[in-house]
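Coordinate inspection notes
Single-letter residue listing:
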Amino acid sequence: MKILNKKMISLLLGCCIWQTQYAQKVWPGDVNNNGIANGVDLLYWGVAYGATGPARAETTSDWSEQNIPAPWPQSFPGGLNYLYADCNGDGIVNNQDEDDAIKDNYNKTHDGITPDAYLNGVPGQAPGLTLQPQFAEVNVGQEFHINVLLGDAQIPVQSIYGITFKVSFDADLIDDEEHLEFEETSSSWIDPGGLNSRVLKKRDPDTGKAEVAITRIDHQNAGPGGGKIGAFSIVIEDIIVGLSRDTFHMQIDSVLLIDKDLNMYPVAPDTAMVIVKKQTSAVSGNLLQSSNVELFPNPARQDCTIRAGIPLDGVQVCDALGRPANFMIEQEQDGAVWRVRWPKNARGVYLVRCYAGEAQLVKRLLILNEGP
Ligand SMILES: [Ca+2]
Ligand SMILES: [Ca+2]
């Protein structure tokens, strides 16, 4: 038996690489060629918007492998050719590639998937992608909003061309597909004129997943800036059996922000919780108003204090997934003052639930550093 020497191995490897390169196909909608069509592909498409090059032999947006044409003059950082952004193969990157391919083929996969490079940042260090519920409590069947804000005065976004983010939510509280929808802010700070951006919105209430991608198409960055970029409108269905109240959670799982040159920047994801009241339950109104409950310091490093205008029956802290956090919670002064301490490595966003009778209030707590 002949033993392969180094030269033969490298020749064999070279042969494999050669074959791989020439086996490349276009899958209409998978612009970054990683095996799946999703919001990240919209970002690549936006960067290549308006480019032209050789058309494919066959013009189609069907989800099937297509032979590549001759290379286009331009490439993305990393070397991927712009020809992949021409999803339908007609020789130009324009709206049809988005409508007919990225949207229609959303979440379809081929071959092996190379995971997309999302860049979740650290709260307090990177600009935040914040979920801001319109109300702390809602009734079953009541429509409410969770505003989505990107960057703020403390930590603005320096430069943005596009962003995509994935969220999870409590699907069992959403009965109808239309009862969780994202509406982008028209003429937001990302696109003040309202004419130079495109949005991809997809949600699957069955699995409790949604993705939103926004990209500019004019090769100009927006920013520095911050503020509202859109809102989820939500209706909770009356399907909560055996409970007088429940909570609706939404969290941002992954986010990717780019500039016009496809440089990627970290963004700190957020989580939100809204208490759902059943209309038949005896809820004692707005005993607990936000102004009645102080939480300080916030952001906090080692501990925080809750001071309420009335005695509280209890305080609970949940992590980003809505699970009770293993924090030390001590009651002082007949329940009007509570002190919360946490273990090391607790950095992140938490939700603090305060109870008094039938009333509840949720406050967001940002922990910047590890405990003592
Ligand atoms: Ca892709
Ligand atoms: Ca095209």
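The structure displayed is predicted, hence computed values, not measured ones.

Overview of the environment of Asn 120
- Mapped onto the secondary structure, Asn 120 falls in the loop between α3 (95–103) and β3 (129–133).
- A residue is classified by how many C-beta atoms lie within 10 Å of it, and Asn 120, with 17 of them, is partly exposed.
- On a C-alpha basis, the gap between Asn 120 and Val 267 in space is 5.3 Å, while along the polypeptide they are 147 residues apart.
- Sequence-distant contacts of Asn 120, that is, excluding residues within four places in its chain, are made with Ser 254, Val 255, Pro 266 and Pro 269.

What to know about the sheet that holds strand β17 (residues 328–332)
- Taken in spatial order, the four strands of this open sheet run β14-β15-β18-β17, and their pairing is antiparallel. Each having just a single partner strand, β14 (293–296) and β17 make up the two edges of the open sheet. Pairwise comparison of adjacent strand axes, ignoring direction, gives a mean angle of 15 degrees for this sheet.

Considerations on helix α2 (residues 39–48)
- Along α2, ten of the ten residues are buried, which leaves the element largely enclosed by surrounding structure.
- Along α2, the positions that sit buried rather than exposed are Gly 39, Val 40, Asp 41, Leu 42, Leu 43, Tyr 44, Trp 45, Gly 46, Val 47 and Ala 48.
- Where α2 ends, the next residue or the one after it, Gly 50, has phi of about 90 degrees, a positive value.

Notes on α3
- Residues Asp 97, Glu 98, Ala 101 and Ile 102 constitute the buried set of α3. Viewed along the axis of α3, the buried residues span an arc of 115 degrees, placing them on a single side of the element.
- Of the surrounding secondary structure, the elements contacted by the buried residues of α3 are α2 and β8 (197–204).

Section: the sheet that holds strand β19 (residues 348–356)
- Here three strands make up an open sheet; going across it, the order is β16-β19-β20 and the pairing antiparallel. In this open sheet, the two edge strands, each paired with only one partner strand, are β16 (314–318) and β20 (359–367). In this sheet, neighbouring strand axes are inclined to one another by 25 degrees on average, regardless of whether the strands run parallel or antiparallel.

Thoughts on the environment of Asp 99
- As for its position among the elements, Asp 99 is in helix α3.
- For the pair Asp 99 and Leu 200, spaced 101 residues apart in sequence, the C-alpha separation works out to 9.2 Å.

Topic: the pairing of strand β9 (residues 209–216)
- Of all eight residues that make up β9, seven are buried, and the element is covered over most of its length.
- Direction of pairing for strand β6 (residues 162–169) relative to β9: antiparallel, over a ladder of seven bridges. Bridging from a neighbouring strand, Ile 163 pairs with Ile 214 of β9.
- As judged from the eight bridges shared by β8 and β9, these two strands associate in the antiparallel manner. In the strand pairing of β9, Ser 197 is matched with Arg 216.

Considerations on the pairing of strand β5 (residues 143–150)
- Inspection of the sheet shows β3 paired to β5 by five bridges, in the antiparallel sense. Considered in β5, the bridge of Pro 133 is made with Ile 146.
- In terms of strand pairing, β5 meets strand β10 (residues 227–235) through eight bridges, oriented antiparallel. Within β10, the residue paired with Phe 144 across the bridge is Ile 234.

Describing the packing of α2 against α3
- Put simply, α2 and α3 touch, their axes get as near as 11 Å, and they point 160 degrees apart. On the basis of the axis angle, α2 is roughly antiparallel to α3. Relative to α3, α2 is oriented so that their crossing is right-handed. Where α2 abuts α3, its residues Asp 41, Leu 42 and Trp 45 lie against Asp 97, Glu 98 and Ile 102.
- Of the residues assigned to the contact of α2 with α3, the class counts are three nonpolar, no polar and three charged.

Concerning unusual backbone geometry
- Between Phe 296 and Pro 297 the backbone carries a cis peptide bond, its omega angle lying at -15 degrees.
- Within the fold, Pro 297 resides in the loop between β14 and β15 (303–308).
- Across the junction of Asn 298 and Pro 299, the peptide omega takes the value 10 degrees, indicating a cis bond.
- For Pro 299, the position within the fold is in the loop between β14 and β15.

What counts and how
Residues numbered from 1 in each chain as written. Chains lettered and ligands numbered in written order. Predicted model: local features only at pLDDT ≥ 70, side-chain atom pairs only at ≥ 80, totals over all residues. Helix = DSSP H or I, 4+ residues; strand = E, 2+ residues; numbered from the N terminus. Buried ≥ 20, exposed ≤ 12 C-beta atoms within 10 Å, placed from the backbone. Contact = placed C-beta atoms within 7 Å. Pairing = 2+ DSSP bridges. Axes fitted to C-alpha atoms, helices over the stretch in contact; angles between N-to-C directions. Arc of directions from axis to C-beta. Parallel < 35°, antiparallel > 145°, perpendicular 65-115°, else oblique. Left-handed = near helix turned anticlockwise from the far one by under 90°. Nonpolar A, V, L, I, M, F, W, Y, C, P; charged D, E, K, R; others polar.

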